[in-house]
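Secondary and tertiary structure notes
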Amino acid sequence: MIPAIDIEGLSHVYGGAEGAVAALEDVSLSVAAGRFTVIVGPSGCGKTSLLMMLAGLRAQSRGAIRVLGGPMPAPDPLRVGVIFQEASLYPWLTALENVEFPLSLRGTPKPDCRKRAGAMLELVGLSGFGERYPHELSGGMKQRVSIARGLVQDPPVLLMDEPFAALDEQTRMTMGHELLRIWSTTSKTVVFITHSLTEAVYLADEVLVMSARPGRIIDRIEVPLPRPRSYDMMATDVFGRLRDRIWQQIRKSEA
Amino acid sequence: MTRSSPALVRRSILAALLVAWELVPRTGLLPELFLPSLSSTLSVLWNDWQTYGRALLVTLYEVAFAMVIACGGGILAGAVVGGFARLRNLLLPVVSSLYAVPIVILYPVFTAWFGVGSESKIAFAGIYAFFPVMLSTAAGIQTIDPQFLLAARSMGASLPQQIARVIIPASLPTVFAGLRLGGALAIIGVVVSEMLTAAAGIGYLVTLNRTILDSPRVFAAILMILLLSIAYYLLSRAIERRFVVWQSVGKPLQPAQSTV
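Before going into details, it helps to say that this report is about the structure given with it. (Residues numbered from 1 in each chain as written. Chains lettered and ligands numbered in written order. Predicted model: local features only at pLDDT ≥ 70, side-chain atom pairs only at ≥ 80, totals over all residues.)

What follows covers the overall build of chain A. A tally of regular secondary structure across chain A gives seven helices and nine strands. The C-alpha atoms of chain A give a radius of gyration of 18 Å, which matches the 18 Å a tight globule of 255 residues would have. Viewed in the frame of its principal axes, chain A has a C-alpha envelope of about 50 × 45 × 40 Å. Residue burial in chain A is summarised as follows: out of 255 residues, 44% are buried. Counting only contacts in chain A whose residues sit at least 6 apart along the sequence, the fraction spanning at least 24 positions is 70%. (Helix = DSSP H or I, 4+ residues; strand = E, 2+ residues; numbered from the N terminus. Rg over C-alpha atoms; globule rule 2.2 N^0.38 Å. Buried ≥ 20, exposed ≤ 12 C-beta atoms within 10 Å, placed from the backbone. Contact = placed C-beta atoms within 7 Å.)

This brings us to the overall build of chain B. Helices and strands together make up the secondary structure of chain B, namely 10 helices and zero strands. Secondary structure of chain B in N-to-C order comes out as α-α-α-α-α-α-α-α-α-α. In summary, chain B has a C-alpha radius of gyration of 23 Å against a globular reference of 18 Å for 260 residues, an excess of more than 25%. With the principal axes as the frame, chain B shows a C-alpha extent of 70 × 65 × 30 Å. In chain B, which comprises 260 residues, the proportion classed as buried is 36%. Counted over contacts in chain B with a minimum sequence separation of 6, partners at least 24 positions apart contribute 74%.

Moving on, we get to the sheet that holds strand S8 (residues 206–210) of chain A. Residue and element names in this part refer to chain A. Spatial ordering of the open sheet is given by S5-S6-S7-S3-S8-S9, a layout of six strands whose pairing is mixed. Pairing within the sheet leaves two strands with one partner each, and these edge strands are strand S5 (80–83) and strand S9 (217–222). Here the average twist between neighbouring strands, direction ignored, is 15°. The sheet strands contacting helix H1 (residues 47–54) are strand S3 (36–40), S5, strand S6 (157–161), strand S7 (189–193) and S8, and the helix crosses S7 at an angle near 150°. Across the sheet, helix H7 (residues 237–254) touches S3, S8 and S9, and the angle it forms with S9 is around 180°. (Pairing = 2+ DSSP bridges. Axes fitted to C-alpha atoms, helices over the stretch in contact; angles between N-to-C directions.)

The subject of this paragraph is the packing of helix H4 (residues 139–151) of chain A against helix H5 (residues 169–186) of chain A. Residue and element names in this part refer to chain A. Put simply, H4 and H5 touch, their axes get as near as 11 Å, and they point 20° apart. Classified by the angle between their axes, H4 and H5 sit roughly parallel to one another. Our pair here, H4 against H5, has a crossing hand that is right-handed. Taking contact as the criterion, the partners of Gly139, Gly140, Gln143, Ile147 and Leu151 in H4 are, on H5, Thr171, Met175, Ile182 and Thr186. By residue class, the composition of the contact of H4 with H5 is four nonpolar, five polar and no charged. (Parallel < 35°, antiparallel > 145°, perpendicular 65-115°, else oblique. Left-handed = near helix turned anticlockwise from the far one by under 90°. Nonpolar A, V, L, I, M, F, W, Y, C, P; charged D, E, K, R; others polar.)

Next up on the list: the nonpolar core. Leu54, Leu159 and Val207 of chain A are the most contacted members of the largest nonpolar core, which totals 80 residues. For Val207 of chain A, the contacting residues outside a window of four places in its chain are Val38, Val40, Ala200, Val201, Ile221, Val223 and Ile246 of chain A. (Core = buried A, V, L, I, M, F, W, Y, C linked by C-beta atoms within 7 Å.)

This part is about the interface of chain B and chain A. Think of interface size as the accessible area that goes away when the parts come together; that is how it is often given. With 20 residues of chain B in contact, the opposing surface of chain A contributes 26 residues. Listed by contribution, the elements that provide at least two residues to the side of chain B that touches chain A are helix H7 (146–154) and helix H8 (159–196) of chain B. Among the elements that take part in the side of chain B that touches chain A, H7 of chain B stands out by supplying six residues, more than any other. When the residues that make up the side of chain B that touches chain A are grouped by side-chain class, the tally is 12 nonpolar, seven polar and one charged.

We now examine the environment of Phe192 of chain A. Residue and element names in this part refer to chain A. Summarising the element assignment, Phe192 is placed in strand S7. Phe192 sits in the buried class, given 26 other C-beta atoms within 10 Å. Taking the C-alpha atoms as reference points, Phe192 and Asp161, separated by 31 residues in sequence, lie 6.2 Å from one another. With near-sequence residues (within four places) excluded, Phe192 lies in contact with Phe36, Thr37, Val38, Met160 and Leu203.

Residue and element names in this part refer to chain A. Taken together, three strands build an open sheet; the order of strands is S2-S1-S4 and the sheet is antiparallel. Sheet topology places strand S2 (21–31) and strand S4 (62–67) at the edges, where each strand pairs with a single neighbour. Averaged over all adjacent pairs, the angle separating strand axes in this sheet is 20°, with direction ignored. Sheet topology places strand S1 (residues 5–14) next to S2; seven bridges connect them, and they run antiparallel. Counterpart to Val13 in the pairing with S2 is Ala22. Strands in contact with H1 are S1, S2 and S4; relative to S2, the strand with the most contacts, it is inclined by about 60°.

Residue and element names in this part refer to chain B. Within helix H9 (residues 202–211), the full set of buried residues consists of Ile202, Gly203, Tyr204, Leu205 and Val206. Looking at the buried side of H9, the elements it contacts are helix H3 (49–83), H8 and helix H10 (215–243). In the segment just after H9, Leu213 is the residue with positive phi, at about 55°.

Before going further, it helps to spend a moment on helix H3 (residues 110–123) of chain A. Given a rise of 1.5 Å per residue, 14 residues ought to cover 20 Å, and the 20 Å separating the end C-alpha atoms of H3 of chain A matches this to within 8%. Looking one or two residues past H3 of chain A, Gly125 of chain A carries a phi angle of roughly 80°, positive in sign. (Expected span 1.5 Å × (residues − 1).)

Glancing now at unusual backbone geometry. All names here are of chain A. Look at the link from Arg227 to Pro228: it is a cis peptide, with omega at 0°. By the element assignment, Pro228 lies in the loop between S9 and H7. Of note, Ser187 is a non-glycine position whose phi angle comes to about 50°, a positive value. Residue placement: Ser187 occurs in the loop between H5 and S7. Residue class for Ser187 comes out exposed when judged on the 9 C-beta atoms lying within 10 Å of it.

Let us now look at the pairing of S9 of chain A. By the bridge criterion, five bridges tie S8 of chain A to S9 of chain A in an arrangement that is antiparallel. By the bridge assignment, Glu206 of chain A is partnered in S9 of chain A with Glu222 of chain A.

With that out of the way, let us pick up the packing of H8 of chain B against H9 of chain B. All names here are of chain B. Where H8 contacts H9, the axes come no closer than 7 Å and their chain directions differ by 40°. It follows from the interaxial angle that H8 and H9 lie oblique. As H8 runs across H9, the sense of the crossing is right-handed. Residues Val191, Val192, Glu194 and Met195 of H8 touch H9, and the partners they reach there are Ile202, Gly203, Tyr204, Val206 and Thr207. Split into classes, the residues belonging to the contact of H8 with H9 amount to six nonpolar, two polar and one charged.

Right under this line is the structure:
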């Protein structure tokens, strides 16, 4: 079976001849369909660049990217959905219209848009909030709308760039748990970037640790915790050891 | 004791000012020559409404054309300059420093070119308001969140879709700010130029009556300009509220209680 995501020898260099900065160096990885993969690493290690390339939003300098067997020369929302750090909802559209947005870009008939977007809002627990504008929603609710928007075209692959970074700790934990619930009903392949080690272990099937710039993958850690995950697991020895191992790796890479 | 609402306080201040306007000259605190009473000012407007109405029409006509230059041209030019980094770096410093020049010194030149009729007022007020509108639009366009476009691209938006569905709606608040500013400055520009050299318009009535020391008539004209500016401001705010619901220009809406 072909992996959902396959990256080979990916490198990326920014800027011109003199101010060239190597952002990524020889990154190779493959993610099986339906897996939840979390990428952690120090700030500026090229995690976001990697995600942008996977989304077809940025070109790589060298190497090959295949998503569901094909290259990603440009964004393809039917294969890959992206959820950004700031919810990046359009403030002039209601929650429902924001979720409809990607559908309407493709000329989906209005009633069809309504129905699918409504169903997505229900999935993320926001039925009844469709007519609200983003500034009338809390941070967590905005990010739920953003997730609904990422899911509405039903892409098999979902990329998430620190989606909960702007939320407070409590909301963040709840949203992580919610995301796992939604994920378990949709069987997507997820690549999730975070700074939070706890979040990484809690969410992931596998954690990839990246080094400081130029970004390389320096460790792959399987998370053997059973699903569905529960908050009690955070107190277990296994959880603590995994988190510690990731922490050690990141520290080593920065030293 | 209940706290009085800001609206009530505002209305009370306005009412107090109007009462003071009537009482200060009547009690002789200030001579009528310096400040004619509200009632004598209003009676001029009432008795001589044809003269003032005609002057208002001339002024409105000039303001309308000046606004087309200032707002139409200023918003378009600002959008183009603000939208392209290279153009911005090239032009903005020049425009900003030009902006510091008091453009009113050019007005005599404009009367030489366009005559003392409406054309010179339109040209002067149009250019007077053009640069601030252009600068504010250019600044506003730059503040559009690049994440909006990145998200649109990730959802498969083509370039025309990005412009129509993201850039244009995201610029609306800037465009309306430009309209408000441009209209206000166009009114100033027209009235000032009418006061300097003209044979018609409200600004002309101010100058004409001041030279013959007819204070109630001067103040009647001033009152009209004041009302014109306020009316324009209220109208532009109403239109803005209608189109830019999400900006919550008035009271910010309470964010919903979080359920997460």
